[in-house]
Amino acid sequence: MMKKVVKFGGSSLASPEQFKKVKRIVTEEEVRRYVIPSAPGKRYAKDTKVTDLLYQCYDMAEQGKDFLPFLKKIQDRFDEIIRGLGLQLSLQKEFQVIAEQFQKKAGSDYAASRGEYLNGRVLAEYLGFEFVDAADLILFGEDGAVLLDESGARIRACLGQKEYAVIPGFYGSLADGTIKTFSRGGSDITGSLIAGAIYADLYENWTDVSGFLVADPRIISNPEVIETITYRELRELAYMGASVLHDEAIFPVRRAGIPINIRNTNAPEERGTLIVESTCKKSKYTITGIAGKKGFASINVDKDLMNSEIGFCRKVLSVFEDNGLSFEHMPSGIDTMTIFVNQSEFEEKEQQVISGIHRAVSPDVLEMESDLALIAVVGRGMRETRGTAGRIFSALAHARVNVKMIDQGSSELNVIIGVKNRDFETAIQAIYDIFVTAQL
Ligand code: ASP
């Protein structure tokens, strides 16, 4: 039988109403067999996620304050869900254990993980599925990284015996049994690890948006949803700030060639975004997505005959390396090269870098510019289409945006454009309009 791993984010499990939607989705297809819940998230915009409440509560415990009334409030959140679903479950004992562990200072990872743990208990009861503790399946090494082989073997051994199960997201354990969590949003990684380990046919990631959007909805009103995107395109866009999924969540499924489907719990009739290794499906538009970030600085180094000086670039770059700075892009000319760096990281080390470059290569001119933004226009469709760059730049010229830098990756998967911070939104709007709005 086919197997799907389905992960539900916090807002999908924030209230009894949301739980009901989740049950409808899970039971609609019998192949939705392994369910990964997050902790209850926000019910309304100003609400606080249970994970944040747990961190706060544990802080109180660590400071020796009376945390019990606060913990009771967290218990109330769960009880409200349990009552709303008409379940008989009581979490009283669980909360006693948690209170004891808080008193013993069991660690903030332990504290935060209880949101997923308890939500897993509730969801398992509600769905009638077996509960499997993630602490028994996901193992971390001393360096904080997941032990992939060992975790994979445990996941297969355990879930191979079970047709249906609920496994809480976000945490696992160290060799001595201590609970350890991923970074925030890490339930996405749990789902991916499980899907990868059991060779699932699909990893469905249910959230509160209808998929990956072509552009940031804070800049473009009602942007189109991307139907299919490759892992590489996603990496490019995610790196530039577009986020729906935890960055580390793609690797375990990608290794196993399993697609991810981003879906919307509040609109299950929509197909969402399918993330795949590769596809011969043409994207709807020439471009797949646009993303970008503000806050870069550029350092421009000029020197006559730089071109013929062997090792010039390496010497310049080693100055950045010695100062612990990574660079974003490095467009170059005949006797000039420019390095783009993160402005706030660079500002702290600016003078060391400048003197370092002077010492390393004695440039004729060294100039800097700040308040720059980088925009990535990403799309596998660009490879086969003529005139993409032309369209981008004429759109920007019409919008009166001055282009500071252009970098087309050799994969022809992306074009990176540098503009002033103040032109950022206008530039994204202009690119969106020329490729998407104009084709609607
Ligand atoms: N509940 C955790 C968080 O808020 C993990 C997750 O939702 O994936 O970060």
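Report follows, based on the coordinates. Keep in mind that this is a model prediction, so the values were computed, not measured.

1. Some thoughts on the packing of aromatic side chains
The tally for this structure, following the rule as stated, stands at nine aromatic pairs. Ring centres of Phe 8 and Trp 206 lie 5.9 Å apart, and the angle between their planes is 20°; on these two criteria the pair is classed as stacked. Here Phe 8, found in strand E1 (residues 4-8), pairs with Trp 206, found in strand E7 (residues 202-207); they are 198 residues apart in sequence, far enough to count as distant. A centroid spacing of 5.4 Å and a plane angle of 90° characterise the contact between Tyr 117 and Phe 131, whose relative ring orientation is edge-to-face. On the criterion of sequence distance, the pair formed by Tyr 117 in helix H5 (residues 108-127) and Phe 131 in strand E3 (residues 130-131) is long-range, its members being 14 residues apart. Comparing Tyr 117 with Phe 131, the two get one shared label, buried. These aromatic residues form a ring-pair network of at least three members: Tyr 58, Phe 67, Phe 102 and Tyr 110.

2. Some thoughts on the site of the ligand
Close contacts around the ligand come from Ser 38, Lys 49, Thr 51, Glu 116, Phe 170, Arg 184, Gly 185, Gly 186 and Ser 187, and that covers them all. Here a nitrogen atom of the ligand and a side-chain polar atom of Glu 116 are 2.7 Å apart. Taken by itself the ligand offers 260 Å² of open surface, and the protein chains cover 93% of this. Tallied by class, the residues present in the shell around the ligand amount to one nonpolar, five polar and three charged.

3. Side note on helix H2 (residues 50-62)
In this model, H2 (13 residues) spans 18 Å end to end at C-alpha, consistent with the 18 Å of a helix rising 1.5 Å per residue. Those residues of H2 that sit buried are Val 50, Thr 51, Leu 53, Leu 54, Cys 57, Tyr 58 and Ala 61. For H2, the buried positions fall inside an angular range of 155° around the axis, keeping them on one side. If you follow the buried residues of H2, they end up packed against helix H3 (68-84), helix H4 (92-103) and H5. Just beyond H2, the residue with positive phi is Gly 64, at close to 75°.

4. Looking at the sheet that holds strand E15 (residues 405-408)
Strand order in the open sheet formed by six strands is E12-E13-E11-E14-E16-E15, with antiparallel pairing between adjacent strands. The open sheet has two edge strands with one neighbour each: strand E12 (327-329) and E15. Ignoring strand direction, the axes of neighbouring strands in this sheet form an average angle of 40°. With two bridges joining them, E12 and strand E13 (residues 336-342) adopt antiparallel strand pairing. Bridging across to E13, Phe 327 finds its partner in Val 341. Of the strands in this sheet, strand E11 (289-302), E12 and E13 are in contact with helix H10 (residues 312-322), which crosses E13 at around 20°.

5. Brief notes about the sheet that holds E7
Whether parallel or antiparallel, the strands of a sheet pair through hydrogen bonds between backbone atoms. Strand order in this open sheet of eight strands is E3-E4-E2-E1-E7-E9-E10-E8, and the pairing throughout is mixed. The open sheet is flanked by E3 and strand E8 (228-230), the only strands paired with a single partner. Relative to strand E4 (residues 165-166), E3 runs parallel, the two being bridged by two bridges. From the neighbouring strand, Phe 131 faces E4, where its bridge partner is Val 166. Along the sheet, helix H1 (residues 16-28) makes contact with E1, strand E2 (32-37) and E7, crossing E2 at roughly 150°.

6. Quick look at the nonpolar core
If you look at the biggest cluster of nonpolar residues, it comprises 121 residues, and the most contacted ones within it are Ile 74, Phe 102, Leu 159 and Ile 167. Tallying contributions element by element places H5 first for this core, with ten residues. For Ile 74, the contacting residues outside a window of four places in its chain are Val 50, Leu 53, Leu 54, Cys 57 and Phe 95.

7. Here we look at the pattern of salt bridges
In a structure, side chains of opposite charge can pair up when their charged atoms sit close to one another. Under the defined criterion, the tally for this structure stands at 22 salt bridges. As a salt-bridge pair, Glu 80 and Arg 43 come within 3.6 Å of each other at their nearest N and O atoms. Within this pair, whereas Glu 80 is found in helix H3, its partner Arg 43 is found in the loop between E2 and H2, the two being separated by 37 residues in sequence. Across the salt bridge formed by Glu 369 and Lys 420, the nearest N and O atoms sit 3.3 Å from each other. Linking Glu 369 in strand E14 (residues 365-378) with Lys 420 in strand E16 (residues 414-420), this pair joins segments that are 51 residues apart in sequence. Overall, the relative accessible area of 26% leaves Glu 369 in the partly exposed class. Take Lys 420: its relative accessible area is 18%, and that puts it in the buried class. A network of salt bridges, in which partner residues are shared, links Lys 4, Glu 28, Glu 29, Arg 32 and Glu 204.

Cut-offs used in this document
Residues numbered from 1 in each chain as written. Predicted model: local features only at pLDDT ≥ 70, side-chain atom pairs only at ≥ 80, totals over all residues. Heavy atoms only, no water. Phe/Tyr/Trp six-rings, centres within 6.5 Å; stacked < 30°, edge-to-face > 60°. Helix = DSSP H or I, 4+ residues; strand = E, 2+ residues; numbered from the N terminus. Buried < 20%, exposed > 50% of the residue type's maximum accessible area, 1.4 Å probe, protein only. Near = heavy atom within 4 Å. Polar contact = N/O pair within 3.5 Å; in protein donor to acceptor, adjacent residues only side chain to side chain. Areas by Shrake-Rupley, 256 points an atom, 1.4 Å probe, with all protein chains shown as cover. Nonpolar A, V, L, I, M, F, W, Y, C, P; charged D, E, K, R; others polar. Expected span 1.5 Å × (residues − 1). Arc of directions from axis to C-beta. Contact = heavy atoms within 4.5 Å. Pairing = 2+ DSSP bridges. Axes fitted to C-alpha atoms, helices over the stretch in contact; angles between N-to-C directions. Core = buried A, V, L, I, M, F, W, Y, C linked by side-chain atoms within 4.5 Å. Salt bridge = Lys/Arg side-chain N within 4 Å of Asp/Glu carboxyl O.

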